[in-house]
Amino acid sequence: YHAVKRQEGLVDAAALLGRAGLACRFVLAGPGLDCAGLVQRAERVPNLRIEGPPADVPAFYRSLDVFVICSVEEAAPLTLLEAMVRHGVKRFIFS
């Protein structure tokens, strides 16, 4: 977890879209997500699942319809570059 990555923004977006009745699911994956109350907030959002680091990163990226980055300070996040270059993810959302 890093505050600059704003993972709580994804939790808020998932909750908002769920309340709006949109049939979408979210996965928040990576190391260190069990701090800053993030897990407790996420547990109240039925369409959001929190995972640790994916065991099979290429399969994880292939399973996504959209890749979301909520970071406010990273000019070129490594996860974005990895998703694009190494795993062919083509749909992104930047907040």
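All values derive from a computational prediction rather than experimental measurement.

Caption draft 1: A look at the side chain of Asn-47. Turning to its location among the elements, Asn-47 is positioned in the loop between helix H2 (38-42) and strand S2 (48-51). Note on Asn-47: relative accessible area 14%, which makes it buried. At 3.2 Å, the side chain of Asn-47 forms a polar contact with the backbone oxygen of Cys-24. In contact with Asn-47, not counting residues within four places along its chain, are Ala-14, Ala-15, Gly-18, Cys-24, Arg-25 and Phe-26.

Caption draft 2: Structural context of the pattern of salt bridges. Following the criterion strictly, the structure yields two salt bridges and no others. For Arg-41, the salt bridge is made with Asp-12, and the minimal N-O distance between the two is 2.2 Å. Separated by 29 residues along the polypeptide, Arg-41 in helix H2 and Asp-12 in helix H1 (residues 7-19) bring together distant segments of the chain.

Caption draft 3: Local environment of H1. The end-to-end C-alpha separation of H1 is 19 Å, in line with the 18 Å expected for 13 residues at 1.5 Å each. Residues of H1 that are buried: Gln-7, Gly-9, Leu-10, Val-11, Ala-14 and Ala-15. Taken together, the buried residues of H1 touch strand S1 (26-29), H2, S2 and strand S3 (67-69). Just past H1, the residue Gly-21 takes up positive phi, approximately 85°.

Caption draft 4: Just the nonpolar core, in detail. Counting residues in each nonpolar core, the largest one holds 11 residues, listed as Leu-10, Val-11, Ala-14, Ala-15, Phe-26, Leu-28, Leu-38, Ala-42, Val-45, Leu-48 and Cys-70. Secondary-structure elements contributing two or more residues to this core are H1, S1 and H2. The leading source of residues in this core is H1, at four residues. Beyond its immediate stretch of four places on either side in the chain, Phe-26 contacts Leu-10, Ala-14, Leu-17, Asn-47, Leu-48 and Arg-49.

What counts as what
- Residues numbered from 1 in each chain as written.
- Predicted model: local features only at pLDDT ≥ 70, side-chain atom pairs only at ≥ 80, totals over all residues.
- Heavy atoms only, no water.
- Helix = DSSP H or I, 4+ residues; strand = E, 2+ residues; numbered from the N terminus.
- Buried < 20%, exposed > 50% of the residue type's maximum accessible area, 1.4 Å probe, protein only.
- Polar contact = N/O pair within 3.5 Å; in protein donor to acceptor, adjacent residues only side chain to side chain.
- Contact = heavy atoms within 4.5 Å.
- Salt bridge = Lys/Arg side-chain N within 4 Å of Asp/Glu carboxyl O.
- Expected span 1.5 Å × (residues − 1).
- Core = buried A, V, L, I, M, F, W, Y, C linked by side-chain atoms within 4.5 Å.

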